[in-house]
Amino acid sequence: MKFDTQIFNRFEKQIILKKIGVSGQKKILSAKVLIIGLGGLGCPLVTYLAGSGVGKIGIVDHDKVEISNLSRQTIFNSSDIGKLKVDLVKKMIKKMNREIKVITFKEKVQSNNLERILNNFNIICDGTDNFKTRYLINDYCVKKKKILISSAISKFDGHLMKFDFSKKGPCFRCFMPDIPDLENNCQSEGIFSPVAGIMGTLQANEVLKTILNKKEDLNGQLIIFDSLKTKLKKVAMSINPKCINKC
């Protein structure tokens, strides 16, 4: 995007922050972020990234809106049922700011399309709901030394992790080497709607801090959120010497 008076006026409240300023806003405008999954996490995530001015946003989802989505996926409404999420989200972004470049992928991330989907983005946001896909995304990001910001939700709890694979540190497989016997996700476990909004917003917060190169990031750390106790816990993750990615 060309930085002009209109851009300044739109993002004035961010620009006047000393830790952002014009230089920081230019970084946001130049950022390339991919969002995988437009569910309860992806909705607040894409809303705040688009609102903040991220210049290129990729969105990946093969699903159509269902009535059960509406309690937590706040971009959609009853008239959207049966429509593809990526089409609806692209329209929403363009209504917010037509200058944002939106790339849509109406497909599920798999081993045969990983390179094509992820290659042209610097920051990858994982909001998927199964471990097989999370491992695929993690392993690709390790190989290509990308930044991965991953969030997950179930019941009343949420997790948020960041991995900058251009630096030495753990990966998702270090944290969880094997797929659990039971797949914990919204479909099987249920979800308290505000948890999705909180964790998706925290994910957006971490993406923007990463774009701005803030030292106070979560690299190599895990945030655990307990909504019933309104409690956040930060845990340092360590490299697993037996990790297949040889972190």
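See the structure printed just above.
Residues numbered from 1 in each chain as written. Predicted model: local features only at pLDDT ≥ 70, side-chain atom pairs only at ≥ 80, totals over all residues. Heavy atoms only, no water.

Visitor: I keep staring at the packing of helix 4 (residues 42-52) against helix 5 (residues 85-96) and nothing clicks. Help me out?
Guide: How two helices sit against one another is set out by the angle between their axes and by the gap between those axes. The contact between helix 4 and helix 5 brings their axes to 9 Å, and the two run at 30°. In terms of orientation, helix 4 and helix 5 fall into the roughly parallel class. Pair helix 4 / helix 5 crosses with right-handed handedness. Mapping the contact onto sequence places Val-46, Thr-47, Ala-50 and Gly-51 in helix 4 and Val-89, Met-92, Ile-93 and Met-96 in helix 5. Grouping the amino acids of the contact of helix 4 with helix 5 by side-chain chemistry returns six nonpolar, two polar and no charged. (Axes fitted to C-alpha atoms, helices over the stretch in contact; angles between N-to-C directions. Helix = DSSP H or I, 4+ residues; strand = E, 2+ residues; numbered from the N terminus. Parallel < 35°, antiparallel > 145°, perpendicular 65-115°, else oblique. Left-handed = near helix turned anticlockwise from the far one by under 90°. Contact = heavy atoms within 4.5 Å. Nonpolar A, V, L, I, M, F, W, Y, C, P; charged D, E, K, R; others polar.)

Visitor: How do you make sense of the pattern of salt bridges when you look at a structure like this?
Guide: Oppositely charged side chains may form a pair once their charged atoms are brought near each other. This structure, assessed with the given rule, holds eleven salt bridges. Salt-bridge contacts for Glu-107 lead to Arg-116; the nearest nitrogen and oxygen are separated by 2.7 Å. Overall, Arg-116 belongs to the partly exposed group, its relative accessible area being 49%. Close ionic contact of Lys-209 with Glu-206 constitutes a salt bridge, the shortest N to O distance being 3.0 Å. Remark: Glu-206 and Lys-209 occur in helix 10 (residues 193-211); sequence separation between them is three residues, near one turn of the helix. (Salt bridge = Lys/Arg side-chain N within 4 Å of Asp/Glu carboxyl O. Buried < 20%, exposed > 50% of the residue type's maximum accessible area, 1.4 Å probe, protein only.)

Visitor: Would you take a moment to explain the pairing of strand 5 (residues 147-154) for this structure?
Guide: Consecutive side chains along a regular strand alternate between the two faces of the sheet. By the criterion of burial, strand 5 is predominantly enclosed, with seven of the eight residues buried. With helix 7 (residues 131-144) bridging strand 4 (residues 123-126) and its parallel neighbour strand 5, the resulting β-α-β unit is right-handed. Sheet analysis places strand 5 next to strand 6 (residues 157-164), joined by eight bridges and oriented antiparallel. Within strand 6, the residue paired with Ser-150 across the bridge is Met-161. (Right-handed = clockwise from strand over helix to strand, strands pointing away. Pairing = 2+ DSSP bridges.)

Visitor: Just to check I follow, could you spell out helix 10 for this structure?
Guide: Since the α-helix packs 3.6 residues into each turn, any two residues three or four apart lie on the same face. Here helix 10 is 19 residues long and its end C-alpha atoms lie 28 Å apart, about the 27 Å a rise of 1.5 Å per residue gives. Asn-213 lies just past helix 10 and shows a positive phi near 60°. (Expected span 1.5 Å × (residues − 1).)

Visitor: It is not clear to me how the pairing of strand 2 (residues 56-60) should be interpreted in this structure. Could you clarify?
Guide: For strand 2, the buried fraction is high: five of the five residues fall into the buried class. Alternating residues of strand 2 divide into Lys-56, Gly-58 and Val-60 and Ile-57 and Ile-59, and every residue in both groups is buried. Looking at chain direction, strand 1 (residues 32-36) and strand 2 are connected through five bridges and run parallel. Directly across from Val-33, in strand 2, lies its bridge partner Ile-57. In this structure, strand 2 lies alongside strand 3 (residues 101-105), joined through five bridges in parallel fashion. Across the sheet, the residue bridging to Gly-58 is Ile-103, located in strand 3.

Visitor: For this particular structure, what's the right way to read the sheet that holds strand 7 (residues 221-226)?
Guide: Within a sheet, adjacent strands bond to each other through the backbone by hydrogen bonds, running parallel or antiparallel. Strand order in the open sheet formed by eight strands is 3-2-1-4-5-6-7-8, with mixed pairing between adjacent strands. At either end of the open sheet lies a strand with only one pairing partner, and these are strand 3 and strand 8 (231-236). The sheet shows a mean angle of 15° between the axes of neighbouring strands, direction not considered. As defined by bridge partners, strand 4 adjoins strand 5 across four bridges and the pair is classed as parallel. Looking at strand 5, one finds that Ile-123 is bridged to Ile-147.

Visitor: Hey, could you run me through unusual backbone geometry in this one?
Guide: For residues besides glycine, phi is generally negative; the peptide bonds are generally trans as well. With a phi close to 55°, Lys-145 is a non-glycine residue in the positive phi region. Mapped onto the fold, Lys-145 is located in the loop between helix 7 and strand 5. Note on Lys-145: relative accessible area 56%, which makes it exposed. Notably, Asn-213 is not glycine yet its phi reads approximately 60°, a positive angle. Checked against the element boundaries, Asn-213 lands in the loop between helix 10 and strand 7. Take Asn-213: its relative accessible area is 57%, and that puts it in the exposed class.

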